[in-house]
Amino acid sequence: MRWLVLLILFLPSLSKSQELPPITNFDTKVYNGGNQNWMISQAENDWMYFANNSGLLSFNGEQWNLHKMKAGSPVRSVKVVDSLIFTGAYMDFGYWQKNSFGALNYTSLLEKLPTRIRDGEQIWHIEKFGDYIVFQSLSRLFSYHIQNETINVIDLGKTIANLYKSGNTVYFQVAEDGLYSIKSGGIQKEVGFNQTGAKAIIQVFHWNDQKVAVTRDDGLFSFTQSNWEKISIPNYPMSSSFFSARYTDDNMLVLGSIGDGLFILNLLSGDLQQIVQPDILNNTVLSLFEDDAGHIWCGLDNGISLIEKDSQFSVFSDITGKLGTVYCSVMYQDQLYLGTNQGLYRRDQTSNSFELIEGTSGQVWSLQEYDDQLFIGHDRGTFILKNKNLNYIFDSLGTWQVIPFDGGFLQGHYNGLSYFKEGQSFNNISYLDGFNLSSRNILNENDKEIWVGHDHKGIFRLRPDLSSSKIEIVKNYPVDYKDASGIKLFRFNNDIYYATAHTIFKYDAVLDAFTAENKLQQAFNNLSRSTGISEITPDGKWWTFAESEIYYTVKDAFQDGMNVSAIPLSYEFRNISSGFENLSQIGENQYLVGSNHGYAIFNTPFTQNKISELEINRIEIADKGLDFELIDKKQRYPEFKNSENYFNFYFNTPVYQKFANVTYSYRMKGFTDVWTPFRSSSMASFENLPYGDYEFQVRARYNTKDIKEKTYAFAIEKPWFLSNFAIFIYVVLLVVIIVITHHFYTRYYNKRHAQMIKVQQKKAEMQQLEAQQEIMKLKNEQLEADVSSKNRELAASTMSIIRKSEVLNQIKDELTSIKKLDDIQSVLKTVDSNINEEDNWKFFKEAFDNADKDFLQTVKSRHPNLTSNDLKLCAYLRLNLSSKEIAPLLNISVRSVEIKRYRLRKKMDLAHEEGLVEYILSF
């Protein structure tokens, strides 16, 4: 049952699918207010105001704000006059005025009433008449004089059904009395009840030199004071009951119905367009308003809808998913064909609905018209449509594209290329050998060679041989491809190009290479594109896609260059897989762009709406507690406390078009010189700004047009510890500290200086002592060296004497053994003279005294009974000579030496266990 209810709700959309102007819907979650919106008005700065069930709603194109009445009562009516926003509510009416903080303050006019407001009385409508503001309740009118601030009450004693203004006249209907007008001459009855009857009038306007009344249920009537006549307009929706109406000065009457949605009626042609849920949020339209840009704002029973009645765009929204994603389109034989992921759809110009062409279910990739035939590249192969007759001509693994080539047609498939001629048997069409890559975009060059673009393998130049069904790869040109956004090979102004998302390359025949040095790339040097996919339309325009726009390029008619124009149709609307963007020309200067939920149609040249001013509408400040408060924007160069250094800036450009792309960039001069990238966010936050001078700067870009920047200059004071007074205190304290420090330092320095002098003196003494010790050490080392040298000399001389004595004794012994002693006596005397003990001793003693001069004296002083021979023996023993070595020196035998040693021990009175040599060495 639940699904049945949903199906019934969607039936109107399925049966009345149509191309509509762009529509923007705002539900209660967006504006955070009540569901019903009773009246709408626009201020001079283009801000919009809505009388809402929960209060007064304001909208500046970026931020919604709800301003509540003190009692929380609903606001039933609103009218902006200059800087005042007049509102009517439950038992209250007055005006709101924006203060220098950017907030709205409410002033009630009840105090100026000559009588009390009646219990339950509500103000349902407000209009301006000269210097008066006229408020309408169901029982009275109140006229407020703006300058005098006085109120007059008009009480006709009957119910006042409505209030409307046309030109300089205000009209109102009195129940069971007729239609009245307020003119410069006063109040007068326009049409009596006997003429209008009980017909409820919801609007009055001037059209075609006549005054026209719109009734709730009975159509249109022209009237004068003596005439009330029904007007017949073709296609007027008589079956509907209307609650609101608005004439738009271009012969269009907009009607808001009760339950049947919105109607837009051309009073001259009778063309009627009905807009219902889900295209708008609710089918009951409580109020209508046309803003300065010609947009129709609809205050609904549940939400707000904006209809861009005069937009150059018309949009087909496939809300039910009946069509699927549109991948290609073409106008063929006055019928619009759409290739989608669900099949091929067709719609007559007179119809509002598309029909699926039987047999084409599945993915359609391309639609091309050649020789009055429509070639359909399909996931299942190739179809040809001619005079509404569909033929399935090739069963293959997907056909991307079909192009004419050498009297026939070349097909690009998922896995290669095939060729056929018209009339050729289905079974005789086959692939061309030699190239089996996906061939999504193909170019024919003079029916001799072809070019094929492949996203990853590059650009191929191929030479088909149709007679042998083969393909020769002439050359493969690598592509500069950095992402998955697709590439496109195309011919523009007779030159061959391929494009990626970043660069456009042109083929240079002289270099036989693709180069980025070309005028088309130069035209896009400062523009960003989101894909390499592009389209060439029959009128010679080259189209490419960006994140926020679609660009088209034509050759300059007078200069050697390219002219680039932008269409504000963002990716947010297109929302199609990157690499499958598509556009087609369906009429003279008329183009269709496919999306994943329908399509959009627009015309060129594209005219921009007026550029609204950028405004910093609210500034908030807070300390670390983040309790933000509004600040006075009109205060010139304010200085804030150092602790109040958290800022929120809110800014806006009141542009309301659905496809308008408004972006903002800002910087805080004094904090950073770098501008933020342009983005849609309309709020900037800064935290914990240090002290200093600042200027907040914000700029806006509306589509491709820059809007003059706005600034706000301010300063943040230094922290208390860096204030002038604090610095003065710091200076005084510093002087005091310097004086005290100097005083104590002087005392300390003198004391320290004295200590240092003592330390230095002591250090000098120590250094002197160390120097003396070093000198003594050096002297000792020198003495030790001298002693060592003398010892060496002594040892050498001793060994020399010993050796000489031994040799001479040996000679003497040998001579003694000779029998003829008389002949050798002279020789023996000579030997004896050379081994003279006294001579040897003198020589030895001189050397020994040089090495150990105090020894003999010390021994003599300790043992005075020692003889000179005993001292000689002591000296020889001091040198640690053996008895055998001593014997030659004393010219005695070894045995005699031992005897001498024994006697020496006795004289020295040595103990038995005490060694003689050790004792002598101990001296």
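Residues numbered from 1 in each chain as written. Predicted model: local features only at pLDDT ≥ 70, side-chain atom pairs only at ≥ 80, totals over all residues. Heavy atoms only, no water.

Caption draft 1: View of the pattern of salt bridges. According to the stated counting rule, one finds 22 salt bridges in the structure shown. Across the salt bridge formed by Glu 355 and Arg 346, the nearest N and O atoms sit 3.4 Å from each other. Given a relative accessible area of 44%, Glu 355 falls into the partly exposed group. Judged by its relative accessible area of 12%, Arg 346 falls in the buried class. Among the salt bridges present, the one from Lys 710 reaches Glu 613, with a minimum N-O distance of 4.0 Å. Placement of the pair is Lys 710 in strand β65 (residues 705-716) and Glu 613 in the loop between β57 (598-603) and β58 (615-622), with a sequence separation of 97 residues. Among the residues examined, Lys 710 registers a relative accessible area of 30% and is labelled partly exposed. Looking at Glu 613, the relative accessible area reads 60%, which means it is exposed. Residues participating in the shared-partner salt-bridge network are Glu 445, Glu 449, Arg 461, Arg 463, Glu 472, Lys 475 and Asp 512. (Salt bridge = Lys/Arg side-chain N within 4 Å of Asp/Glu carboxyl O. Buried < 20%, exposed > 50% of the residue type's maximum accessible area, 1.4 Å probe, protein only. Helix = DSSP H or I, 4+ residues; strand = E, 2+ residues; numbered from the N terminus.)

Caption draft 2: Main features of unusual backbone geometry. Residue Pro 278 follows Gln 277 across a cis peptide bond; omega there is 5°. Structurally, Pro 278 is set in the loop between β26 (272-275) and β27 (285-290). The omega torsion across Thr 604 and Pro 605 is 0°, close enough to zero to call that bond cis. Looking at where Pro 605 falls in the secondary structure, it is placed in the loop between β57 and β58. Although it is not a glycine, Asn 688 sits at a positive phi angle of roughly 55°.

Caption draft 3: Structural detail: the packing of aromatic side chains. By the definition in use, this model includes 78 aromatic pairs. A centroid spacing of 6.2 Å and a plane angle of 15° characterise the contact between Phe 26 and Trp 297, whose relative ring orientation is stacked. One end of the pair, Phe 26, is in strand β2 (residues 23-26); the other, Trp 297, is in strand β28 (residues 296-300), and 271 residues separate them in sequence. Each of the two residues, Phe 26 as well as Trp 297, counts as buried. A centroid spacing of 6.0 Å and a plane angle of 80° characterise the contact between Tyr 666 and Phe 686, whose relative ring orientation is edge-to-face. Residue Tyr 666 is located in strand β62 (residues 662-669), and its partner Phe 686 is located in strand β63 (residues 683-686); the two are separated by 20 residues in the primary sequence. One exposure class covers both Tyr 666 and Phe 686, and it is buried. Pairwise contacts between aromatic rings join Phe 640, Phe 647, Phe 649, Phe 651, Tyr 664, Tyr 666, Phe 686, Tyr 694, Phe 696, Tyr 712 and Phe 714 into one cluster. (Phe/Tyr/Trp six-rings, centres within 6.5 Å; stacked < 30°, edge-to-face > 60°.)

Caption draft 4: Structural detail: the side chain of Gln 411. With respect to the element layout, Gln 411 can be found in strand β40 (residues 408-413). Here Thr 382 takes part through its side chain, which lies 2.4 Å from a polar atom of the side chain of Gln 411. Setting aside anything within four residues of it in sequence, one finds Gln 411 in contact with Thr 382, Phe 394, Thr 399, Gln 401, Val 402, Gly 416, Leu 417, Ser 418, Phe 420, Ile 429 and Ile 442. (Polar contact = N/O pair within 3.5 Å; in protein donor to acceptor, adjacent residues only side chain to side chain. Contact = heavy atoms within 4.5 Å.)

Caption draft 5: A look at the environment of Leu 489. By the element assignment, Leu 489 lies in strand β47 (residues 488-492). You can call Leu 489 buried: its relative accessible area is 3%. Contacts of Leu 489, omitting those with residues within four sequence positions, involve Asn 441, Leu 443, Trp 451, Val 452, Gly 453, Ile 459, Ile 496, Tyr 497 and Tyr 498.

Caption draft 6: Highlighting the pairing of strand β36 (residues 373-378). Across the 6 residues that make up β36, a large majority, 6, are buried. Taking every second residue as pointing to the same face, both faces of β36 are buried, with Gln 373, Phe 375 and Gly 377 on one and Leu 374, Ile 376 and His 378 on the other. Examined bridge by bridge, strand β35 (residues 364-370) and β36 share 6 bridges and lie antiparallel to one another. By the bridge assignment for β36, Gln 368 is matched with Phe 375. What sits between β36 and strand β37 (residues 381-386) in their antiparallel hairpin is a turn of 2 residues. (Pairing = 2+ DSSP bridges.)

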